[in-house]
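Next come the chains, spelled out residue by residue.
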Amino acid sequence: MGFELFEKGSAPVSSVPSLTIQRRGLMSLNDAAFKLLKEPLAVHFLWDSEQRLIGIRAAAPNDLNAYPTRRQNQAKGTGPVLIAGTLFTRFIGLDTTEARRWAPELRDDTLIVDLKVEGTRVISNRERSRRSSAQEKLDTED
């Protein structure tokens, strides 16, 4: 049998907290993860290099080390919460050539992402469409 796994790629289960590190380092939290942090206006990034853990903790928006949080659709206040994480991901040396998703856990008011666990590769609908077109072209050439 030639079964192929369908990779849903984009939308995670909304009730399960998730953090996605997109290509080039932009981070997004789904509602469940954002609510665990109590919906802060800004966050701190924390890094444990020995354990390879990322920590995200609520911060005061006027803190010089804080990164603001914003909804993808600011006008409606809906969609995932975006955080500019490019400088942070560079600082920790994280490969962000592919988007990846993790299911973080809350420990002492800090959302923890364990990078020792490989994140799930995220495939956008545009990428999936390009792959399908490329595969169809290959199939017709055979």
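Scroll up to find the structure.
All values reported here derive from a predicted model rather than from experimental measurement.

Caption draft 1: Expanded view of the environment of Met27. Mapped onto the elements, Met27 comes out in strand β2 (residues 27-29). Each C-alpha atom of the pair Met27 and Ala84 lies 6.3 Å from the other, and the pair is 57 residues apart in sequence. When near neighbours in sequence (up to four residues on either side) are disregarded, Met27 contacts Leu19, Thr20, Ile21, Phe45, Ile56, Val81, Leu82, Ile83, Gly85, Phe88 and Thr89.

Caption draft 2: Structural view of the nonpolar core. Core analysis: the largest hydrophobic core is formed by 20 residues, its most contacted members being Leu19, Ile21, Met27, Leu29, Ile54, Ile56 and Leu115. Where this core is concerned, the elements lending two or more residues are β1 (19-21), β2, α1 (31-36), β3 (42-48), β4 (53-59), β6 (78-83), α2 (86-92) and β9 (110-114). Residues within four places of Leu29 in sequence aside, it is in contact with Ser18, Leu19, Phe34, Leu37, Pro80, Val81, Ile83 and Leu111.

Caption draft 3: Representation of unusual backbone geometry. Phi is positive for Asp108, close to 50°, though the residue is something other than glycine. Relative to the elements of secondary structure, Asp108 occurs in the loop between β8 (105-107) and β9. Assessed through its relative accessible area of 77%, Asp108 is described here as exposed. Phi angles above zero are rare outside glycine, and Asp109 is one such case at about 65°. Its location among the elements puts Asp109 in the loop between β8 and β9.

Rules and cut-offs
Residues numbered from 1 in each chain as written. Predicted model: local features only at pLDDT ≥ 70, side-chain atom pairs only at ≥ 80, totals over all residues. Heavy atoms only, no water. Helix = DSSP H or I, 4+ residues; strand = E, 2+ residues; numbered from the N terminus. Contact = heavy atoms within 4.5 Å. Core = buried A, V, L, I, M, F, W, Y, C linked by side-chain atoms within 4.5 Å. Buried < 20%, exposed > 50% of the residue type's maximum accessible area, 1.4 Å probe, protein only.

Taken by themselves, the reported measurements are silent on function.
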